[in-house]
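Chain by chain, the residues run as shown.
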Amino acid sequence: MGNSYAGQLKSTRFEEVLHNSIEASLRSNTLVPRPIFSQLYLEAEQQLSSLEGGSRADNEEEEEDGEGGLEPSSPPNAYQLPPPPEGCCTTDGFCQAGKDLRLVSISSEPIEVPAGFLLVGAKSPSLPDHLLVCAVDKRFLPDDNGHNALLGFSGNCVGCGKKGFCYFTEFSNHINLKLTTQPKKQKHLKYYLVRNAQGTLTKGPLICWKGSEFRSRQNSANTCSSSLFPPLEGSGSLAAFPTEPAPGTNPSVPVGAQQAGPASDHPSVTTATGPAVFNGKDSPKHPQLVKSSLSALPRPSALGILPNSGPPKKRHKGWSPESKSTTDGGFIQGGGNRAKHEGPSMPCVPQAGLVGPASVTFPVVASGEPVSVPDNLLKICKAKPVIFKGHGNFPYLCGNLNDVVVSPLLYTCYQNSQSLSRAYEQHGASTMQPISEETQLLLTVYYLVQLAADQVPLMEDLEQIFLRSWRESHLTEIRQYQQAPPQPFPPATSTAAPVTSAQLPWLAGLAASSCNDSVHVIECAYSLAEGLSEMFRLLIEGKLSKTNYVVIICACRNAAIDSCIAVTGKYQARILSESLLSPAEYQREVHYELVTGKVDSLGAFFSSLCPEGDIDILLDKFHQENQGHVSSSFTASSTKKTAVLDASGVPVCTSYHQEPRGIRPFQLAVAQKLLSHVCSIADSSTQNLDLGSFEKVDFLICIPPSEVTYQQTVFRVWHSGVLLELGLEKEPVTKQRAEQHVLKLDTEAQARFKAFLQSSFQNPHTLFILIHDHAHWDLVSSAVHNIYSQSDPSVGLVDRLLNCREVKEAPNIVTLHVTSFPYALQTQHTLISPYNEIHWPISYSNGVDLYHESKKYFGLSEFIDSTLSGHSLPLLRYDSSFEAMVTALGKRFPRLHSAVIRTFVLVQHYAAAMMAVSGLPQMKNHTSVETLEITQNLLNSPKQCPCGHGLMVLLRVPCSPLAAVAYERLAHVRARLALEEHFEIILGHPSSSISVGKHFVKQLKMWQKIEDAEWRPQTYLELEGLPCILIFSGMDPHGESLPRSLRYCDLRLINSSCLVRTALEQELGLAAYFVSNDIPLEKGPKNEALESDGEKLSSTDEDEEAGTEGCFEAGSTSEQRGPVKRERSHSHDSASSSLSSKASGSVLYGESLAQPSGPPQGELARSPPPCGPAEESRTPGEIQRLRVSQGPTVISRHSPGLAPQPDSSLRTGRRSLQVPAAPSSQLSSSSSSSSGSSSTCAVPTANVLVLQASQCSMAKACRQPPIVFLPKLVYDMLLSTDSSGLPKSASLLPSPSVMWTSSFRPLLSKMMTSTEQSLYYRQWTVPRPSHMDYGNRAEGRVDSFHPRRLLLSGPPQIGKTGAYLQFLSILSRMLIRLTEVDVYDEEEINTSLQEESDWHYLQLTDPWPDLELFQKMPFDYIIHDPKYEDASLICSHHQSIKSEDRGMSRKPEDLYVRRQTARMRLSKYAAYNTYHHCEQCQQYMGFHPHYQLSESTLHVFAFSCSMLGEEIQLHFIIPKSKEYHFVFSQPGGQLESMRLPLVTDKSHEHIKSPTFTPTTGRHEHGLFNLYHAMDGANHLHVLVVKEYEMAIYKKYWPNHIMLVLPSIFNSAGVGAAHFLIKELCYHNLELERNRQEELGVKPQDIWPFIVISDDSCVMWNAADVDCAGERSREFSWSERNVSLKHIMQHIEASPNITHYALIGMRKWASKTRGREVQEPFSRCHVHDFIILNVDLTQNVQYNQNRFTCDDVDFNLRVHSAGLLLCRFNRFSVMKKQIAVGGHRSFHITSKVSDSSVAIVPSQYICAPDSKHTFLAAPAQLLLEKFLQYHSHRFFPLSLKNHGHPVLSVDCYLNLGPQISVCYVSSRPHSLNISCSEMVFSGLLLYLCDSFVGASFLKKFHFLKGATLCVICQDRNSLRQTVVRLELEDEWQFRLRDEFQTANAKEDRPLFFLTARHI
């Protein structure tokens, strides 16, 4: 046989057929395989030659399926891999020698390729995303035609270099392909590999094995069929790489269908799991074009040579629904590449054959004899039939392939519906049979039969029918599985007899018999080819003219069925074939038709329709007749309203009102929700966002490349005040500065974005908010860009910028996606956590208005509601006469795209209407009623207003070339009719700015009072009031807002075939509107409409319980039109609306149909003036004046929102327009009503229709939403509801870039909230390979979500821009607030009482006190700390106090509330609580991987305490990282002491004094993080906590040392903590002296100081004093923040420091007087932050019982012991106001649990043995509180008697501010004031010890009637004290004068006895 192709064919043909036969028999129990030889030889020879390999049953095709996951599930066919050699590498992607073979890894490495060898890419089933590089002898590879490959194999391994593999089996084992099927080179060697310009090895064209993908035929000259393969459903227009096509060529030629991105090397991910929606939109928006001429394309001869993909027939039980089919069309991959490489040698494609991107859109599996498509099919049928492959094999088509379209969508739908969803599998339902093929086909026939003549089949409908059918047939099993756990043996299945294949044709025919031949069934005996031939014959003969669908069934083939369905109805076939085009192909097709002049025939046809001749001739004639004078009907003077003139004589329109500016309640609520989500990210334990580390906010708003949207956004940013609020700019802000914060995502965006990233890197303390507005636009993966970057740099730009590694990893960038249509960001692979979604809130809940707004949002659901009966005129309409004309022309011009026809018809209608209104009434027969109404109102509206305000008509023409045609044509007609100054025609395109004529610019400037000569409108909002037609082009709106003067939204030209939810809602979002809320609403039906993206489905987490279907009242005006109830079906087309709308006079001034249930998203709604919603409250003129002035005058800094605003036009001072309840006939049509003509009202002159409710159109604007005209198809889709009660549009595929995961999915529910809807899409959709999220395999794992990414969704035009700008403002305010703290700011008290001693510290410049000087200074007894304002004054012998010197006492409960605070910015030296996280102090805090929470140990430290008379056991919790501060008997052994430094240490690296902080109730809020305060210096910090709080403190402060007090102190006050700290430290000092004495250190050299600090000390300051004056008292001073380290090291360096017992500092106050810091040192009380010498104060103790004033008490004891207290006045401490914990932790309650009565201080004491209610509080606390508030009961003479204080012995107790005390110590040698001349009004003896004797008391003098109070621990000691001190000598006691604290006996009450001085 040699190398002859024929010989090889016969040999391999035999092998393949044999293999196939064996495989078929293995796969089936019942199937009898066809004899091998009959397969081989009974086929005609010519068939063999034309179908090489094509009809070889399904051999290669089925093998190809293996890649889709079929074969692993078919065990009988499994291939046994030989075991790998011992010890070799078996890793996927590596050869057995362990060398990497993956293309991605070695693409840049040099590879040695022997002569005659080529590098090819092999596919491994286990690595679907990779190609393995192999070197193969090119003789064993096919030529370009798939021929002449030698049998066998010869190849080398490029990894290890091993050569000479002669068998592919051996080679596949070596490179670890791990195949489960027989290794075949044809199957696994897929691509040639080529080097690109950079020398990198890349994937090249497919290897053209015979019978596979691109079999190319040389004889292209003899056929005109260019078989074109537009991309498959999943593929997108990636397919096409063509370059700009020359006119007449077809740019949409094939290419790698499936590559929705390079990510998918496997050609298979198509629609098997995808949606079966008829849409060709799943493609990136920027198709890439091939760099070679189109003529170089290979020309396949037959269509549909594709592997038979998907599950085996139902008889094969082993197919797993999880396996994705390699589906149809996967093979197209790489076709364009091949053309690129082989261009010059390929035959030419004649241009005649290139009719559009068209012919066979989806090649599908073929087998059997070919079917010839007849010539002239399109010409005869007037439409291209669309053939949907169904079950089984599909024959080849040949011949005139341009005239048919073949699609696999139905096949895919059948496949999907046979795979049970995981929802049922988890119930064990895998044993249930899927729906059978026969049933599927029969249900399809039933579905087609019931479709109306103007309906188009929808795959979603079919999927739901299959799902319902399957559920019904398995209802019992499903219920059992849902109720019971899965059982090993499922119950018996339903016994209903299934449809058999024999019955199928008969049943199908029976079903079709009732439909008047709209469905025709053809039964074939042998193969589908017969049926197709029969169908083509019938079509040519015209016998199927009434038939819309042909069902072809071949049910004889061994019990399996083959089927296909052809759509032959002209309307349906056209829509379906056009729906298969991607947007790019659609644009190219239209462009091609325009460029080639194919549309000329349309113009000729229109001319023939006009009885008066060509319209242009009529126009010219009219122009000549009217030249020189304008029709009087259009002069503004014809207005019937008296014009109001302003001061300058210019007419003023009273209806043109300004909108108030400000943020709307909705926007504020959304901004706060955004803020709370950001805070929750920061509060989570993941530490993904450290809000505490940011000082300011910056932002960048990324928007689509639309010039209008850009200007609009810049304007909102500029006028919102947000730049000032964030401190990014200073007044005045210029527009140029605002532009810095808005980024248009075009080709120049990358450089600016790079600068943004650089800025975020350089400013780590700035929080950058990256706002991605209109976030559903351009979701193309950047991987797609990598392939095609040369031809279109904008592909995948959003992904490249916003998803780049720098953005994802930057800790200071938060990304906020903002969109009205979030569905494509809500897939299984999304980066956004469902918890980070913010949905626009609903406005009503259970009939309650949640947010009071003066405007109501009017969105999609309200528009739909307006069509329900009982409402006034519907706002959604379709134009039946227009649709009828389009349909008729579609049949006449079958080769023209319907978009071209629709555009030309509509333009013709507008032209005729303009002529009719201008004085050519005969032309009204050539337009539709709707278009005539629009035109009349457009032309007449300026006459209703003295200023000439008019209305806007939006004409949406998505296709740019058609928009240009429409613009030119309408402008021409306008010019010929001399209407250039009556209304403007504006062509709006995303990439260009607005162009408006000079006359109209002048008008706008006059209305808006703009003086700038250069001004031009830059946004549509600035066109407010301008009568105009805005032709809005571009495939998608990009968020442009429209002005309030928009009255008609003409969407008749939107691409109705593109049925995707996002696309539909986006178009309808253009009409979203705010209407005034102050018009009384009538009751209307509940909102049944689709909440689309916000509305019902939009609530937010808190709002959701409220149900989303609140009853919204919709305005209606039925009482004015009579009680007529209209059904929905009529009145919306032109036939009925022509009459129905004349009654709606003025459409009732704004039937506030508004039912703002929960709007869909919106940038800024259009309700307000041009600058849009809340955005600007001003008229456009004001806006412009701002724009051209130096900068905007921001009215309110706090209203950055630019979102829709309440409408002031209907508010105060404005008369309401009352519509009289007159008969409807009197209400003639108003400008904003619907159709303006009626059958009885002809239009002989234009004046007839002048609107009689003569009123400016602007007045109505705020009351009525625009009227929307839709294509009939879209109208029906919105108004028909499915079983869920939602419009059909809600169940469409949500976005073209995603696909459904399963047909077995529930419908969206009407009651779903937005959050539930998001979860629905997250469960049931996955991104296509071209989607940027495709590579993010989320599948519900939390770690796949990006932590700093948020999604804000809300209805269109509702004010989202204003909301997020407001969010930026409040975020900035919060960050500033986070960096601020409320500190106590109180002046020192009792300064007027200060002792004027002769001794001051005069050395003002001394940095440290001079010991000798200081010792001579007197002690100031008076308390100056403002927290003791309510404490008793301490008298000294120097004072002469008048009673009025003391202020009134506060109420106890006001003490905390009324203390003055100041808000201070935290300095870098502040102390922090647990909420602060930053990188520097992570380790200090212990939240660090290096330190585990468990790494701390508990140590007992015991010492004996003479004061307590027992041994005290304290527990230390010491983290491992802090153990170096302590001495242990051995590592991990007994704690011996805490290390102390030496007095002589001079190190500046650490603080010598250990710091102790007693704390209670402040585990979160206590300021224990001293890292920054100490400036990073090493220090020892110990928290002193109560035993019961140990665990919680340890949790929050894992890296802090804890000193745990014994449990007996759980209810003690701060005195106990201070007492134990001091006792412990003295004991430790002794231990350290002993330990270090052994090391030769003198005892006096050990550092004796400790710091006792409050837990609220936040910052420290130093005063810098300048004593420059000659006199020592002249000086100036300033204060600055310093670190605690600075202060401590300064104080610790003081000379003679060990001679001071207590050192402290001032408390900070903003009003500190100069004299307070003038003297650097004072000898007085110290508080809050003290440095204590534990050595000197060894014998002076804190009172361990005290709760309050224990520091004053201790200060007095220290001074009386003759020790020095020194206050450094040049240092001050700031104390933070902390509202929890501390002394507020102590609550005094009754011991009787059910008593809810408040306890007052007078109840804190009682008589002994009385039945008083006992209190649950320590006795000492009750005593102190009682004395503070009620001491006057014991010391009545002392009240306000400051000259005669109470003598207090050895203690200071607070007796309240109105009583003074005199402190004396009974200790020998103590320092006391001289009392010889003082007469006291009372004596207080508190727990007095043995030092107090009778003789000591007899030194003091008392007033007659003075009172005594003796306090003791028990009644016995009370009596003993009275006797011991001989008190009865001078004091009179009575039995009734004995009291006790209100404690039970077990709580050990204190007892006291009072007496009077005799």
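Coordinates for the structure precede this section.
The following paragraphs examine the structure supplied in this document. What you see is a predicted model; the values in this text were computed from it and never measured. (Residues numbered from 1 in each chain as written. Predicted model: local features only at pLDDT ≥ 70, side-chain atom pairs only at ≥ 80, totals over all residues. Heavy atoms only, no water.)

**A word on the overall build of the protein**
The helix and strand tally for the protein stands at 54 helices and 58 strands. Counting the 1958 residues in the protein, one finds 64% classified as buried. Long-range contacts, defined here as pairs at least 24 residues apart, represent 78% of the contacts in the protein between residues at least 6 apart. When the accessible surface of the protein is split by element, carbon and sulfur atoms take 53% of a total near 71500 Å². (Helix = DSSP H or I, 4+ residues; strand = E, 2+ residues; numbered from the N terminus. Buried < 20%, exposed > 50% of the residue type's maximum accessible area, 1.4 Å probe, protein only. Contact = heavy atoms within 4.5 Å. Areas by Shrake-Rupley, 256 points an atom, 1.4 Å probe, with all protein chains shown as cover.)

**Quick look at the packing of helix α20 (residues 615–626) against helix α33 (residues 960–976)**
A pair of packed helices is captured by two measures, namely the crossing angle of their axes and the spacing between those axes. Contact pair α20 / α33: the axes reach a minimum separation of 9 Å and the direction vectors enclose 35°. Where α20 approaches α33, its residues Ile-615, Asp-616, Leu-619, Asp-620, Phe-622 and His-623 are matched on the opposing element by Arg-969, His-972, Val-973, Ala-975 and Arg-976. In terms of residue class, the contact of α20 with α33 is made up of 5 nonpolar, 2 polar and 4 charged. (Axes fitted to C-alpha atoms, helices over the stretch in contact; angles between N-to-C directions. Nonpolar A, V, L, I, M, F, W, Y, C, P; charged D, E, K, R; others polar.)

**A short note on the packing of aromatic side chains**
The tally for this structure, following the rule as stated, stands at 43 aromatic pairs. Note on Trp-1300 and Tyr-1320: the rings are 6.4 Å apart at their centroids and 75° apart in plane angle, and the pair reads as edge-to-face. In this pair, Trp-1300 is assigned in strand β30 (residues 1298–1300) and Tyr-1320 in helix α42 (residues 1314–1324), connecting sequence segments 20 residues apart. Take Tyr-1320: its relative accessible area is 6%, and that puts it in the buried class. Positioned over the ring face of Phe-882 is Arg-1052, at 5.5 Å from the centre of the ring. (Phe/Tyr/Trp six-rings, centres within 6.5 Å; stacked < 30°, edge-to-face > 60°. Lys NZ or Arg CZ within 6 Å of the ring centre and 35° of its normal.)

**A word on helix α51 (residues 1750–1760)**
Each full turn of the α-helix corresponds to 3.6 residues, which orients residues three or four apart in the same direction. With respect to burial, α51 is a largely interior element, 11 of its 11 residues being buried. Where α51 is buried, its residues contact β34 (1433–1434), α48 (1614–1637), β46 (1700–1707), β48 (1729–1733), β49 (1764–1775) and β54 (1860–1864). Following α51 by one or two positions, Gly-1762 has its phi on the positive side, about 85°.

**As for helix α18 (residues 583–595)**
Taking 1.5 Å of rise per residue, the 13 residues of α18 would be expected to cover 18 Å, and the 18 Å separating its terminal C-alpha atoms lies within 8% of that figure. Of all the 13 residues making up α18, 10 are buried; the element is thus mostly covered by neighbouring parts of the structure. Along α18, the residues classified as buried are Pro-583, Ala-584, Glu-585, Tyr-586, Arg-588, Glu-589, Val-590, Tyr-592, Glu-593 and Leu-594. In the core, the buried residues of α18 are packed alongside α31 (898–917) and α33. Note on α18: the residue one or two positions beyond its end, Gly-597, has a positive phi of about 75°. (Expected span 1.5 Å × (residues − 1).)

**As for the sheet that holds strand β12 (residues 562–567)**
Adjacent strands of a sheet pair through backbone hydrogen bonds, lying either parallel or antiparallel. With respect to topology, 5 strands assemble into an open sheet ordered β9-β7-β12-β11-β10, the strand pairing being mixed. Edge positions in the open sheet fall to β9 (405–407) and β10 (519–524), since each of these has one partner strand only. Pairs of neighbouring strands in the sheet enclose a mean axial angle of 20°, with direction left out of account. Along the sheet, helix α10 (residues 409–418) contacts β7 (386–389), β9 and β12; its crossing angle with β7, the most-contacted strand, is approximately 25°. (Pairing = 2+ DSSP bridges.)

**Describing the pairing of strand β36 (residues 1496–1505)**
Note that β36 and strand β37 (residues 1510–1519) share 10 bridges and pair antiparallel. Looking across to β37, one finds that Cys-1505 is bridged to Glu-1510. Counting the residues between successive antiparallel strands, the hairpin from β36 to β37 contains 4 residues, one of them, Gly-1509, with a positive phi of roughly 70°.

**Quick word on the environment of Glu-1495**
Relative to the assigned elements, Glu-1495 resides in the loop between α46 (1482–1485) and β36. When the C-alpha positions of Glu-1495 and Ser-1521 are compared, they lie 8.4 Å apart, and in sequence the two are 26 residues distant.

**Regarding the pattern of salt bridges**
One pass over the structure, following the stated rule, counts 58 salt bridges. Asp-137 is the salt-bridge partner of Arg-139, the closest N and O atoms lying 2.6 Å from each other. Take Asp-137: its relative accessible area is 6%, and that puts it in the buried class. Here Asp-1728 makes a salt bridge to Lys-1775, at a shortest N to O gap of 3.3 Å. Here Asp-1728, found in the loop between β47 (1721–1722) and β48, pairs with Lys-1775, found in strand β49; they are 47 residues apart in sequence, far enough to count as distant. The buried category is assigned to Asp-1728, whose relative accessible area is 7%. Under the relative-accessibility criterion, Lys-1775 is labelled buried at 8%. (Salt bridge = Lys/Arg side-chain N within 4 Å of Asp/Glu carboxyl O.)

**Remarks on the packing of α10 against helix α12 (residues 437–450)**
Relative orientation of the contacting elements α10 and α12 amounts to 130°, with a least axis distance of 11 Å. Considering the angle they form, α10 stands oblique to α12. With respect to the hand of their crossing, α10 and α12 are arranged in right-handed fashion. Of the residues in α12, those in contact with Tyr-414, Ser-417 and Gln-418 of α10 are Glu-437, Gln-440, Leu-441 and Thr-444. Broken down by class, the residue content of the contact of α10 with α12 amounts to 2 nonpolar, 4 polar and 1 charged. (Parallel < 35°, antiparallel > 145°, perpendicular 65-115°, else oblique. Left-handed = near helix turned anticlockwise from the far one by under 90°.)

**Focus on the pairing of strand β57 (residues 1931–1941)**
Pairing of strand β51 (residues 1805–1806) with β57, which is carried by 2 bridges, proceeds in the antiparallel orientation. Paired with Cys-1806 across the two strands is Gln-1940, which belongs to β57. Summarising the sheet, β57 and strand β58 (residues 1951–1957) pair through 6 bridges and their orientation is antiparallel. Its bridge partner lying in β58, Phe-1939 is registered against Phe-1952.

**Digging into the sheet that holds strand β27 (residues 1046–1050)**
On the basis of which strands lie adjacent, the open sheet formed by 6 strands has the order β23-β29-β27-β24-β26-β25 and parallel pairing. At either end of the open sheet lies a strand with only one pairing partner, and these are β23 (876–878) and β25 (984–988). Geometrically, the sheet is characterised by an average inter-axis angle of 20° between neighbouring strands, direction not taken into account. As defined by bridge partners, strand β24 (residues 952–956) adjoins β27 across 4 bridges and the pair is classed as parallel. Bridging across to β27, Met-952 finds its partner in Leu-1046.

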